[in-house]
Amino acid sequence: MYTLRSDHGKFVSAEDGGAPQGTIDGRPAGLMTANRDSAGGWESFTIEKSDEPDFYGIKSTHGFFACCEDEGKAGYVAFNREGLTAWEKFKLVVRDNGEKISFESQCRPGYFIKVWGDGRVSLDQSMWEGEPSPNPGGYETFTIDPPFKSGVIPGKSVIQGQLRIDSAGYVDDVGRVLPIGIHIGDLFSKFVRDRAHAQNLCSVASQAGYPVIHFWMNLGTLGDYWSGRECGPGYTDNFWGELGALGDLRDSYGLKGGYNLGDYKLWSGDHISFFSQLGDHLAARPSETAAYVFGGNEAWQTGADSKEEIESALNAFRAHCATVICTTTAPPSESAEDIAKWCSGDFYAIHGYRDAEDHDRIRHIFSVPWEGHPPDAYGWQDEPTGPGDGVSVKASHCYNGRDVDANHMCALAVQSLMCNQGFNYFCEDGVKSDGDITRWAGFHEVAKVIGFVPVDIMGWPGPLHFGGSQSHNRVFSPLAEDTLRFDHRLSHDGRIFGIFYGDEGSLSAKCERACTLDFLEMDGTVTETRSFTEGQTLTLSFRRSQGGQPGYTAQVVRGYMA
């Protein structure tokens, strides 16, 4: 049994304990309210799966499901139905490791169960700055006790149907998507050897809110490094059957696959034949299992002779499966020459910069579309920096005891989305997944950034920095030649979103254009709202992670121009 407490601190109640259709004292029987200071029987519920994978019902202790009356048009919600049909089904948006939950109506998509200050409950849209928002806010969010631990964590972060790219960014069958995934490279290798371990990986990834798992289908070129983990057409018995079984497992958790060939030359077969079969395999699946397909992982070091060679194989894939987006491979570096030499497809892939300091790694994400001249408007940071020696970042740190922390990982994800790039959470257990992947910094936090980054941001005019070349439209400018940066975007309707970041110490900027900003924690919590006038100074104090203590090297802001 669960209790639900509204943003106003009151418990949700099923009046009358739920009741058949009708009225009591002029109001609908079984009305849902949120006006109780404590929880008893009427304030206790079960959340039950429906016959559709991503939809649930809310059931009172007396056995009645919450119903959006008149297909949601009546506005109110009442516990008065004994079965689960469209009016009683909700898509769940689960956050904060299962502690927060919102309910979106199936019969009226975009409408959530909302609690008003007086305890009234209605079915209504979430609003942001006077406009309907696809993401639930405080009035549409409940604290659930105990935390909700479903096998599927659906919501706006989950890709509904097929992931695609249009002129304004990533979309699925419902609308705009902010593409965040998790890199678990040896997932397929683990699956064919230890199904229980692979299932646990899918479970914890789903619970954390990641909609995509990026994995390699083919491993072994690097010799002893992959000894005992080899997989692929040349190693795995019943390869296509096993790949399909892994797809079934991910489907059961609501997880799309980032299908990466992995090592490019490993078996005697040809790549055109392999990708033709992969196209048939994915096209035949009953659900849209693949988010995207990669022609190879760092194919320039595992046997590919050219980008064109990979393109030929991907063209064969498209001939058999035209709906799944694909790309060639990540280049050896972020230089314009390497990107041009190796990147092509529906989007470009990048392995993030892993050297130097936190602010350098954040800046490099911005630099790819700004200076690297990628071949496509949209990309994906499929292997960014991350915690653990397996990601080969610690050795490059300039200060002893430094490590990548959650604030930095979330900053990388925010910067990627703001710069038209998807982002995969990456850590040591995302390479060889032998340990507890949930213990790494940022694992629980990164997927949550999609809750506060504007869902349509990739369609805004291009990102800005606050250097001199942007003096005509930048919102802040530097006061000194130091490491502080403010990368940001402005929408056509005056919204602003951006990220301040820099090295340790107090760093300042000057406001160039009047604005009001919310200062956000990396879970979307607003810690402060400030209005700035032209010429006003903003000072931020950053600190490095050190000796296990988390750092604070990035500040996200969201607001609007005055």
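Here the structure is shown first, and the text comes after it.
Residues numbered from 1 in each chain as written. Predicted model: local features only at pLDDT ≥ 70, side-chain atom pairs only at ≥ 80, totals over all residues. Heavy atoms only, no water.

Turning next to the nonpolar core. Counting 99 residues, the largest nonpolar core has L278 and V293 as the members making the most contacts within it. Top element by residues in this core is helix α8 (residues 406-418). It accounts for 8 residues. Residues within four places of V293 in sequence aside, it is in contact with Y259, F275, L278, L282, L314, F317, V324, I325, C326 and T327. Judged by nonpolar contacts, the second largest core, of 29 residues, contains L4, M32, I101 and F148. (Core = buried A, V, L, I, M, F, W, Y, C linked by side-chain atoms within 4.5 Å. Buried < 20%, exposed > 50% of the residue type's maximum accessible area, 1.4 Å probe, protein only. Helix = DSSP H or I, 4+ residues; strand = E, 2+ residues; numbered from the N terminus. Contact = heavy atoms within 4.5 Å.)

Of all 5 residues making up strand β21 (residues 290-294), 5 are buried, and the element is well covered by its neighbours. Strand direction decides the pairing type here: strand β20 (residues 256-262) and β21, joined by 4 bridges, are parallel. Directly across from N260, in β21, lies its bridge partner F294. Following the chain from β20 across helix α4 (residues 271-284) to the adjacent parallel β21, one finds a crossover that is right-handed. Note that β21 and strand β22 (residues 325-327) share 3 bridges and pair parallel. (Pairing = 2+ DSSP bridges. Right-handed = clockwise from strand over helix to strand, strands pointing away.)

Our focus in this paragraph is the packing of aromatic side chains. Two descriptors summarise a pair of aromatic rings, namely the distance from one centre to the other and the angle between the planes of the rings. Evaluation of the coordinates by the stated rule reveals 29 aromatic pairs. What links up through ring pairs into an aromatic cluster is the set Y170, Y292, F294, F347, Y378 and W380. Across from the ring centre of Y111, 4.0 Å away, lies the NZ or CZ of R108, which sits over that ring. One cation-aromatic arrangement involves K432 over W226; the distance from NZ or CZ to the ring centre is 5.8 Å. (Phe/Tyr/Trp six-rings, centres within 6.5 Å; stacked < 30°, edge-to-face > 60°. Lys NZ or Arg CZ within 6 Å of the ring centre and 35° of its normal.)

Its boundaries defined by the atoms lining it, the largest pocket holds a volume of some 1000 Å³. What lines the largest pocket is a set of 42 residues, among which N135, P136, G137, G451 and R558 lie closest to the centre. Of all elements in the fold, only β13 (121-128), β14 (131-133), β15 (142-145) and β28 (495-501) reach the threshold of two or more residues within the lining of the largest pocket. Residues of the lining of the largest pocket, tallied by class, amount to 15 nonpolar, 11 polar and 16 charged. (1 Å grid on protein atoms, 1.4 Å probe; cavity = no way out; pocket = protein on both sides within 12 Å on 5 of 7 lines; lining within 4 Å. Points joined across faces, edges and corners; volume = space filled by probe spheres on them. Nonpolar A, V, L, I, M, F, W, Y, C, P; charged D, E, K, R; others polar.)

Within the secondary structure, R5 sits in strand β1 (residues 3-5). We classify R5 as partly exposed; its relative accessible area is 38%. A C-alpha to C-alpha distance of 5.3 Å links R5 and F142, two positions 137 residues apart in sequence. Leaving out residues up to four positions away in the same chain, R5 has contacts with K10, F11, T141, F142 and T143.

The next point concerns the packing of helix α3 (residues 239-252) against α4. Working note: a packed helix pair is described by the angle between its axes plus the distance between those axes. At their nearest, the axes of α3 and α4 sit 12 Å apart, and the two run at 40° to each other. Between α3 and α4, the angle falls in the class oblique. Relative to α4, the crossing made by α3 is right-handed. Here α3 contributes F239, W240, L243 and G244 to the contact with α4, which in turn contributes F274, Q277, L278 and H281. (Axes fitted to C-alpha atoms, helices over the stretch in contact; angles between N-to-C directions. Parallel < 35°, antiparallel > 145°, perpendicular 65-115°, else oblique. Left-handed = near helix turned anticlockwise from the far one by under 90°.)

Read across the open sheet, the 3 strands follow the order β26-β29-β32; overall the sheet is antiparallel. Looking at the sheet topology across the chains shown, the edges are occupied by β26 (476-478) and β32 (537-542). Neighbouring strand axes in the sheet, compared pairwise and without regard to direction, differ in orientation by 35° on average. Bridge count between strand β29 (residues 505-511) and β32: 6 bridges; the pairing is antiparallel. Looking at the pairing, A509 lines up with L538 of β32.

Moving on to the pattern of salt bridges. On inspection of all chains with the given rule, the structure shows 31 salt bridges. Note that E71 and K73 form a salt bridge whose closest N and O atoms lie 3.7 Å from each other. Overall, E71 belongs to the partly exposed group, its relative accessible area being 35%. We classify K73 as exposed; its relative accessible area is 57%. K510 is the partner of E512 in a salt bridge, and the nearest nitrogen-oxygen pair spans 3.9 Å. Looking at K510, the relative accessible area reads 31%, which means it is partly exposed. Ionic contacts of the salt-bridge type, sharing partners, join the residues D186, K190, R229 and D434 into one network. (Salt bridge = Lys/Arg side-chain N within 4 Å of Asp/Glu carboxyl O.)

So, about the sheet that holds strand β31 (residues 526-532). The sheet built from 5 strands is open, its strands ordered β27-β28-β33-β30-β31 with antiparallel pairing. Looking at strand neighbours, the two that pair on one side only are β27 (485-490) and β31, the edges of this open sheet. On average, each strand axis in the sheet is inclined to that of its neighbour by 20°, with strand direction left out of account. Strand direction decides the pairing type here: strand β30 (residues 515-520) and strand β33 (residues 554-561), joined by 6 bridges, are antiparallel. Bridging across to β33, C515 finds its partner in M561.

Position of E230 relative to the elements: it lies in the loop between β19 (212-218) and α3. Buried charge E230 goes without a salt bridge, the closest partner of opposite sign being R193 at 4.2 Å. Once residues within four sequence positions are removed from consideration, E230 is found in contact with R193, L219, G220 and Y235. (Lys, Arg positive; Asp, Glu negative; His and termini not counted.)

Each regular strand shows side chains that alternate between the opposite faces of the sheet. The buried fraction of strand β25 (residues 421-425) is high, at 5 of 5 residues. Covered by surrounding structure in β25 are Q421, F423 and Y425 together with G422 and N424, the residues of both alternating faces. Looking at chain direction, strand β18 (residues 180-183) and β25 are connected through 3 bridges and run parallel. Opposite I180, over in β25, you have F423 as the bridge partner. In terms of strand pairing, strand β24 (residues 379-381) meets β25 through 3 bridges, oriented parallel. Looking across to β25, one finds that G379 is bridged to Q421.

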